[in-house]
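In case you want the letters, here they are:
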Amino acid sequence: MLKKGSKLNSILTGSCPKCQNESMYLDKNPLHLTKVLKMNENCSHCGLKYLIEPSFFYGAMYVSYGLNVAVGIAAFIVSFVFFGASIEQSFLTIVITLIVLFPFVLRLSRNLYINMFISYDPNAGKK
C-alpha cells in the first residue's frame with residue numbers, strides 16, 4: 001500500500017514526489033510548530049526544486065481548506081451523531097479537533113498539492 005512509487009507513499013510520508021528517497025522537510029516531526037513549514041530547497045537525491053515557482057505553496061491553502069472542512073464535518077458527525085453531544089459541545093469538538101490537527105493538515109495539504117504537479121520517476125537521480 002505504501003510502497004515506493006505510489007502517490008500515497010509520498011503524500012503520507014512527506015518524501016520527495018519525484019524520487020521518494022528523502023523528506024521534503026527539514027524536521028520530519030510536524031509537532032515542532034516553529035519548523036512545521038521549513039522545507040529543503042532541493043532534493044539532495046534527484047535535485048528536484050520543491051518551490052517550483054514563487055508562492056507555489058499558496059495553492060496548498062485551498063487544499064488545506066478542503067481538508068479542514070472534511071475534518072470539521074467528521075468531528076461533528078462523531079460528536080453529534082455517535083456520542084449524542086449538544087450543538088455547542090459539537091462546535092467545541094470541531095474547534096479543538098482543528099487546533100490539534102492543524103500541523104498535520106498543514107503538512108498534508110502541502111504534500112497533496114506538490115503531488116498534483118510532480119509524478120514519481122523511478123530513474124530520478126540515477127546516473
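Thresholds applied
Residues numbered from 1 in each chain as written. Predicted model: local features only at pLDDT ≥ 70, side-chain atom pairs only at ≥ 80, totals over all residues. Heavy atoms only, no water. Disulfide = S-S within 2.5 Å. Bend = angle between axes of the 7 residues up to and from the residue. Helix = DSSP H or I, 4+ residues; strand = E, 2+ residues; numbered from the N terminus. Buried < 20%, exposed > 50% of the residue type's maximum accessible area, 1.4 Å probe, protein only. Expected span 1.5 Å × (residues − 1). Contact = heavy atoms within 4.5 Å. Phe/Tyr/Trp six-rings, centres within 6.5 Å; stacked < 30°, edge-to-face > 60°. Lys NZ or Arg CZ within 6 Å of the ring centre and 35° of its normal.

Asker: Teacher, can you tell me more about the state of the cysteines here?
Answerer: Tallied over the full model, the rule gives 0 disulfides. Take cysteine 19: it sits in no disulfide, and the sulfur closest to it among the cysteines is that of cysteine 43, at 3.4 Å.

Asker: Whenever I open this one, helix H3 (residues 87-117) confuses me. Can you help?
Answerer: An α-helix turns once every 3.6 residues. As a result, residues three or four positions apart point the same way. At phenylalanine 102, H3 is deflected by roughly 60 degrees, the largest bend along its length, and proline proline 103 occurs up to four residues later in sequence. Inspection of H3 places Ser90, Ile94, Pro103, Val105, Leu106, Arg107, Ser109, Arg110, Asn111, Tyr113, Ile114 and Asn115 among the buried residues, and these make up the whole buried set.

Asker: In this structure, what is going on with helix H2 (residues 60-82)? I would like to understand it.
Answerer: With 23 residues, H2 extends 32 Å from end C-alpha to end C-alpha; this agrees with the ideal 33 Å at 1.5 Å per step. On the buried face of H2, the contacting elements are H3. Two residues or fewer after H2 comes glycine 84, characterised by a positive phi angle close to 70 degrees.

Asker: What should I look at first to understand the environment of glutamate 41 in this one?
Answerer: Take glutamate 41: it is sitting in the loop between helix H1 (7-13) and H2. Residues glutamate 41 and isoleucine 52, spaced 11 residues apart in sequence, show a C-alpha to C-alpha distance of 10.0 Å. Not counting chain neighbours up to four residues away, the residues in contact with glutamate 41 comprise Leu48, Lys49 and Tyr50.

Asker: Help me out: how do you make sense of the packing of aromatic side chains in this one?
Answerer: Two aromatic rings, taken as a pair, are described by how far apart their centres are and by the angle between their planes. All told, the structure shown has 5 aromatic pairs when counted by the stated rule. On the basis of an interplanar angle of 75 degrees and a centroid distance of 4.9 Å, the ring pair of phenylalanine 56 and phenylalanine 57 is categorised as edge-to-face. Taken as a pair, phenylalanine 56 and phenylalanine 57 share a single burial class, namely buried. Measuring from centroid to centroid gives 5.0 Å for phenylalanine 56 and tyrosine 113, while their planes differ by 45 degrees, and the two rings are tilted. Of this pair, phenylalanine 56 sits in the loop between H1 and H2 while tyrosine 113 is found in helix H3, placing the two residues 57 residues apart along the sequence. Given the relative accessible area of 6%, phenylalanine 56 is considered buried. On the accessibility criterion, tyrosine 113 (15% relative accessible area) is buried. A connected cluster of aromatic rings, assembled from ring pairs, spans Phe56, Phe57, Tyr113 and Phe117. Above the plane of the ring of tyrosine 25 lies arginine 107, whose end atom (NZ or CZ) is 3.9 Å from the centre. Seen from the ring of phenylalanine 57, arginine 110 lies directly overhead, with NZ or CZ sitting 4.5 Å from the centre.

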